[in-house]
Amino acid sequence: MKTDSTIAHSHTHPTTQAELLIQAQQRKKRGFRMGVGATWGMLLLVLIFLFSGQNILGFQTIKLDGEFMRKNLGFIGSGLGETLLISSSSILLAIFLALLAALGRLSTFPPIYALSTFYVSLIRGTPLYLQIFFFFLALPQLGVNLSGFTAGVFALGLNYGAYMSETFRAGLASVSKGQREAAAAIGMTPGQTMRRVVLPQALRFAIPPMGNDFISMTKDSALVAATGFVHEVMWRAVKVGRAQFNNLEALLMAAIFYWMMTLILTFFQTRLEARLAKGDR
Amino acid sequence: MAPIVQISNLDKYFGRLHVLKNISLDVQPREVVCLIGRSGSGKSTLLRCVNFLEEPSNGSIQVDGVIVESHGRGKEHRQLIHDVRLKTGMVFQEFNLFPHMTVLENVIEGPVTVKGMNRAEAIALGEENLDSVGMLFKKDEYPMRLSGGQKQRVAIARALTMQPRVMLFDEPTSALDPELIGEVLNVMKKVAKDGMTMLVVTHEMGFAREVADRVLVLGEGEIIEDAKPSTLFSKPKDPRTKALIDRYRTGGR
Ligand SMILES: Nc1ncnc2c1ncn2[C@@H]1O[C@H](COP(=O)(O)OP(=O)(O)OP(=O)(O)O)[C@@H](O)[C@H]1O
Ligand SMILES: [Mg+2]
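About the cut-offs
- Residues numbered from 1 in each chain as written.
- Chains lettered and ligands numbered in written order.
- Predicted model: local features only at pLDDT ≥ 70, side-chain atom pairs only at ≥ 80, totals over all residues.
- Heavy atoms only, no water.
- Helix = DSSP H or I, 4+ residues; strand = E, 2+ residues; numbered from the N terminus.
- Rg over C-alpha atoms; globule rule 2.2 N^0.38 Å.
- Buried < 20%, exposed > 50% of the residue type's maximum accessible area, 1.4 Å probe, protein only.
- Near = heavy atom within 4 Å.
- Polar contact = N/O pair within 3.5 Å; in protein donor to acceptor, adjacent residues only side chain to side chain.
- Areas by Shrake-Rupley, 256 points an atom, 1.4 Å probe, with all protein chains shown as cover.
- Core = buried A, V, L, I, M, F, W, Y, C linked by side-chain atoms within 4.5 Å.
- Pairing = 2+ DSSP bridges.
- Axes fitted to C-alpha atoms, helices over the stretch in contact; angles between N-to-C directions.
- Contact = heavy atoms within 4.5 Å.
- Buried area = accessible area lost by both parts, 1.4 Å probe.
- Salt bridge = Lys/Arg side-chain N within 4 Å of Asp/Glu carboxyl O.
- Nonpolar A, V, L, I, M, F, W, Y, C, P; charged D, E, K, R; others polar.

When you go through chain A residue by residue, the secondary structure sums to eleven helices and two strands. Counted from the first residue to the last, chain A has its helices and strands arranged as α-α-β-β-α-α-α-α-α-α-α-α-α. Here the C-alpha atoms of chain A give a radius of gyration of 26 Å, more than 25% beyond the 19 Å that 2.2 N^0.38 yields for 281 residues. Oriented by its inertia axes, the alpha-carbon framework of chain A measures out at about 75 × 65 × 25 Å. For chain A, the proportion of its 281 residues judged to be buried stands at 37%.

Here it is, written out as structure tokens:
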């Protein structure tokens, strides 16, 4: 009854109270965003100032070796391709393993269920750094020699697969029982139900978290530099930095590359998420 | 005439709970049977036993010549269940349309994937059924952009496109806003008029009175009354039936 009276009341005014309220809210939101943007700009300026090498009002800021940076910008930046390649390869392996592990968790056959939980527990119980070295350094002792790249992809893929299996598990759980029943009622076999009804919905559910995982992966791929044989961004930064005692400059440049890459990927990730949210779900 | 659906000595237990107690029921071809009863009386369970969404604890189900016994195991049993599911279409209270498929894709999914029908043929058949439920104009929409009543009409078209012999409805209008119930009931009336055998769990007494050939009253897992709607609504035999009808009259459920 209350709502009826407010609706009737609002009709008598040209600009309704609701409209005014929305306008006020939008103003507040815009103000907040502008404040955040301005502060980001200031923080960036402070950072740039800090590394500008100027003596301003008696404050000596950090001086960087500009010559070195100009010379090696291309060398470090050309590792981006390798970083993206190793991350993409690893994420594909991770998706495959995560799917198997998540499906294994649904199995009523004990060995399959156990295999899945064992894998997840083992991988999550040990450091990623150790896993990379295991593939690269420990396996040769058993006569298995993997290239730095392959060892890195195996380690990153296995590692992320274990974590991502939880995402897929949530995705599978997000598909209601009614969906399976509707599929069964039109005569679908359990396999058809999984392929045609459950998995497409579960994967769609898992896309945003998978995007986040890919973004983390681009940074965790830096660990592969430790093998010394994958010439991605981190490896290149360490190499030139050490050789010429310009570690500060080299690592700063690498940091900027990683950060930019993350910003760009996050931009696409946000758009994808927005599209999925209002799309055909 | 041989019954098209025959439920014989059906028992269903959920753990210790005895939900259906030795139920036997024959449904003749083209008959429309409404199932009413209080919440928890076992209406849904009975309906779901017909197409084995629930596995009966005892007894057997026959649909259009396919007989499935409880306690069946193995490949042969699964094949029989599959055969029964091809002969029955089901409509759920919550619609259960596939959200990642368009209306038309929802409708042709069964014929193409399950029956292996060629796509063009399935589309022709699907569009015909969408037209008959008045939903052809939304064939390329996704379910989330439809109203509840529209969703349910698509769900009915999806079931019909499998060309079943029997349609099972489990409270098809209970999740709908009151103003949308009519459009779904009208479609169901049309399906009945086209000669479909129907088993309908419903709270819509108007529909039962108008369309049903028989109304069954379920109480505590047993069929406590089985009569023509005219008889049942005017002279209920069992006091529980009388109480139920009175509650519907006063708008309760
Ligand atoms: N999967 C299940 N596990 C355990 N108990 C169940 C299950 N499904 C139904 N029951 C129980 O069986 C009884 C009958 O349930 P059923 O859903 O068939 O009733 P209904 O007549 O359809 O009721 P409603 O009008 O509320 O839909 C209820 O007591 C219910 O709690
Ligand atoms: Mg029910």
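Having seen the structure, we can now continue with the description.
A separate point is the site of ligand 1. All names here are of chain B. With respect to spatial proximity, the complete set of residues near ligand 1 consists of Phe14, Leu17, Val19, Arg38, Ser39, Gly40, Ser41, Gly42, Lys43, Ser44, Thr45 and Glu171. Note that an oxygen atom of ligand 1 is positioned 3.0 Å from one of the backbone N or O atoms of Gly42. The contact in question runs from an oxygen atom of ligand 1 to an N or O atom on the side chain of Thr45, over 2.5 Å. For ligand 1, whose unbound accessible area comes to 630 Å², protein coverage reaches 60%.

Let's shift gears to the nonpolar core. Core analysis: the biggest nonpolar cluster contains 51 residues, and Ile156, Met167, Met188 and Met198 of chain B have the highest contact counts within it. The leading source of residues in this core is helix α6 (residues 178-193) of chain B, at eight residues. Val230, Ala237, Phe257 and Leu265 of chain A belong to the second largest nonpolar core, which has 44 residues in total.

The next thing to look at is the sheet that holds strand β5 (residues 66-69) of chain B. All names here are of chain B. One open sheet holds the four strands; their spatial order is β2-β1-β4-β5, and the pairing between them is antiparallel. Single-partner strands in this sheet number two, and they are β2 (17-27) and β5. Each neighbouring strand pair of the sheet contributes to a mean axis angle of 20 degrees, computed without reference to strand direction. As paired strands, strand β4 (residues 58-63) and β5 are joined by four bridges and run antiparallel to one another. Within β5, the position partnered with Val63 by the bridge is Val66. This element, helix α1 (residues 43-50), spans β1 (5-14), β2 and β4 of the sheet and lies at about 120 degrees to β1.

This part is about the environment of Val191 of chain B. All names here are of chain B. Within the secondary structure, Val191 is located in helix α6. Counting along the chain gives 22 residues from Val191 to Phe169, while the straight-line C-alpha distance between them is 12 Å. In contact with Val191, not counting residues within four places along its chain, are Ile156, Leu160, Met196 and Met198.

Right, let's get into the interface of chain B and chain A. On the chain A side, the residues contacting the 23 residues of chain B number 20 residues. Summing both partners gives a buried area of about 1900 Å² for chain B against chain A, and 59% of it is carried by carbon and sulfur. Inspection of the chain B/chain A interface yields two salt bridges. Glu181 of chain A is the salt-bridge partner of Arg48 of chain B, the closest N and O atoms lying 2.7 Å from each other. Linking chain B with chain A are seven residue pairs in polar contact (both at pLDDT 80 or more). At the level of elements, α2 (74-87), β6 (88-91) and α3 (103-114) of chain B are the ones that each hand at least two residues to the side of chain B that touches chain A. Ranked by residue count, the leading element in the side of chain B that touches chain A is α3 of chain B, at four residues. Of the residues contributing to the side of chain B that touches chain A, the split by class is twelve nonpolar, seven polar and four charged.

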